Amino acid sequence: LMQNQQLDPLELKEKVILITGAGDGIGRVAALEYAKAGATVILLGKTVNKLECVYDEIIAAGGPQPAIVPLDMKGATKQHYRDLAATIENQFGRLDGLLNNAGILGSLGPLEHFCVSTFENIMKVNVTAQAVLTKYMFPILRKSPNASIIFTSSGVGREGREFWGAYAISKFAVEGMMQTWSKEVAKTNIRINCINPGATETKMRASAYPGEDRSKLASPLDLMPTYLYLMSDRSIGINGQSLDAQQK
Ligand code: NDP
């Protein structure tokens with residue numbers, strides 16, 4: 001279905017889309033592709049200079065002027081998200097898309113020996129921060145004619161895998177959050193879905209599998225049909241789904 005439709009190259013024109021973890025990996029490429037499709041992107045991430053590089057790339061490609069939000073989601077409080085929503089509302093009047101992409105892997109190992117502070121950090125960044133950000137964006141997402149929220153899941157968030165510890169637990173929580181929240185927004189202007197990227201060549205993947213041949217992995221660009229589909233009006237009516245970005 002996704003592949004067979006005629007694509008409008010500017011299908012995200014006029015949309016305002018917030019992307020977390022927009023400075024690197026999958027989030028960076030999603031930001032570039034959303035901007036290429038005409039969206040005004042709000043780049044949220046931890047490392048300012050990475051966000052500035054993405055900003056420059058978008059401007060150099062002739063895309064709409066992005067916004068930059070340097071924020072460490074590990075330490076962020078609800079006041080940061082409240083202020084961010086107020087700023088977006090002042091500048092743009094609404095929010096049409098939210099890609100919850102930022103995430104951390106922590107370290108792999110047996111749960112019996114997990115590090116408590118690492119566990120808490122993973123749950124904070126991968127689950128709590130996504131939930132709090134999304135909660136505070138709701139009022140401005142309500143102002144969009146059709147708003148799309150995407151959470152980022154993982155294969156280990158659907159079936160447990162030994163030694164994936166807190167990361168796997170956090171991704172199960174993400175799937176559960178999407179399922180629960182999507183039912184509450186059914187038949188509203190907001191839809192909520194998950195994407196499971198599948199094995200993708202990024203820094204996170206390299207830290208999980210340091211020895212593998214990276215040339216055989218999908219690149220972030222390979223995933224973009226699914227990222228564009230769920231953000232565009234082609235997916236209006238799709239709610240509560242967890243999609244794989246790679247065909248098996
Ligand atoms: P990367 O590590 O390459 O990128 C993660 C991004 O998240 C970076 O831009 C990083 O910013 C940002 N980030 C991390 N911690 C924070 C924080 N505390 N506050 C704000 N931003 C933060 O990962 P991927 O691109 O591979 O992963 C993207 C998503 O996809 C994640 O949710 C991941 O779990 C998921 N995923 C990835 C797979 C893969 O094979 N790559 C497979 C399945 C799921 P900075 O660079 O500044 O630290």
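Summarised in this report is the structure supplied together with it.

A short note on a nonpolar patch on the surface
On the surface, L111, F114, V116 and I169 cluster together to form a nonpolar patch covering roughly 340 Å² of accessible area. The partly exposed category is assigned to F114, whose relative accessible area is 40%.

Section: the packing of helix α4 (residues 116–141) against helix α5 (residues 165–185)
When two helices pack together, their arrangement is captured by the angle between the axes and the distance separating the axes. Relative orientation of the contacting elements α4 and α5 amounts to 20°, with a least axis distance of 8 Å. With respect to each other, α4 and α5 are oriented roughly parallel. Handedness of the crossing formed by α4 with α5: right-handed. Taking contact as the criterion, the partners of F119, I122, M123, N126, V127, Q130, A131, T134, K135 and F138 in α4 are, on α5, A166, Y167, I169, S170, K171, A173, V174, M177, W181 and V185.

Some words on the site of the ligand
The immediate surroundings of the ligand are formed by 31 residues, with I26, T47, K50, Y167 and T202 found nearest. With respect to the ligand, the side chain of K50 contributes an N or O atom lying 2.6 Å from an oxygen atom. Those elements that place two or more of their residues in the shell around the ligand are α1 (25–36), α5 and α6 (203–208). Element by element, the count of residues in the shell around the ligand is highest for α6, at 3 residues. For the shell around the ligand, a count of residues per class yields 10 nonpolar, 13 polar and 8 charged.

As for the packing of α1 against helix α7 (residues 220–231)
Contact pair α1 / α7: the axes reach a minimum separation of 9 Å and the direction vectors enclose 60°. The pairing of α1 with α7 is recorded here as oblique in orientation. Crossing of α1 against α7: the hand is right-handed. Across the interface between the two elements, G25, I26, V29, A30, E33 and Y34 of α1 pack against P220, L221, L223, M224, Y227, L228 and M231 of α7. Of the residues assigned to the contact of α1 with α7, the class counts are 11 nonpolar, 1 polar and 1 charged.

Some thoughts on the pattern of salt bridges
Evaluation of the coordinates by the stated rule reveals 14 salt bridges. With its nearest N and O atoms 3.0 Å apart, the salt bridge here joins D96 to R94. Since its relative accessible area comes to 4%, D96 is described here as buried. The salt bridge partner of E175 is R158, with a shortest N-O separation of 3.2 Å. Within this pair, whereas E175 is found in helix α5, its partner R158 is found in the loop between β5 (147–152) and α5, the two being separated by 17 residues in sequence. Residue classification places R158 among the partly exposed positions, given a relative accessible area of 34%.

Rules used throughout
Residues numbered from 1 in each chain as written. Predicted model: local features only at pLDDT ≥ 70, side-chain atom pairs only at ≥ 80, totals over all residues. Heavy atoms only, no water. Patch = residues over 30% accessible without salt bridge, like charges linked within 9 Å, V, L, I, M, F, W, Y side chains within 5 Å. Areas by Shrake-Rupley, 256 points an atom, 1.4 Å probe, with all protein chains shown as cover. Salt bridge = Lys/Arg side-chain N within 4 Å of Asp/Glu carboxyl O. Buried < 20%, exposed > 50% of the residue type's maximum accessible area, 1.4 Å probe, protein only. Axes fitted to C-alpha atoms, helices over the stretch in contact; angles between N-to-C directions. Helix = DSSP H or I, 4+ residues; strand = E, 2+ residues; numbered from the N terminus. Parallel < 35°, antiparallel > 145°, perpendicular 65-115°, else oblique. Left-handed = near helix turned anticlockwise from the far one by under 90°. Contact = heavy atoms within 4.5 Å. Near = heavy atom within 4 Å. Polar contact = N/O pair within 3.5 Å; in protein donor to acceptor, adjacent residues only side chain to side chain. Nonpolar A, V, L, I, M, F, W, Y, C, P; charged D, E, K, R; others polar.

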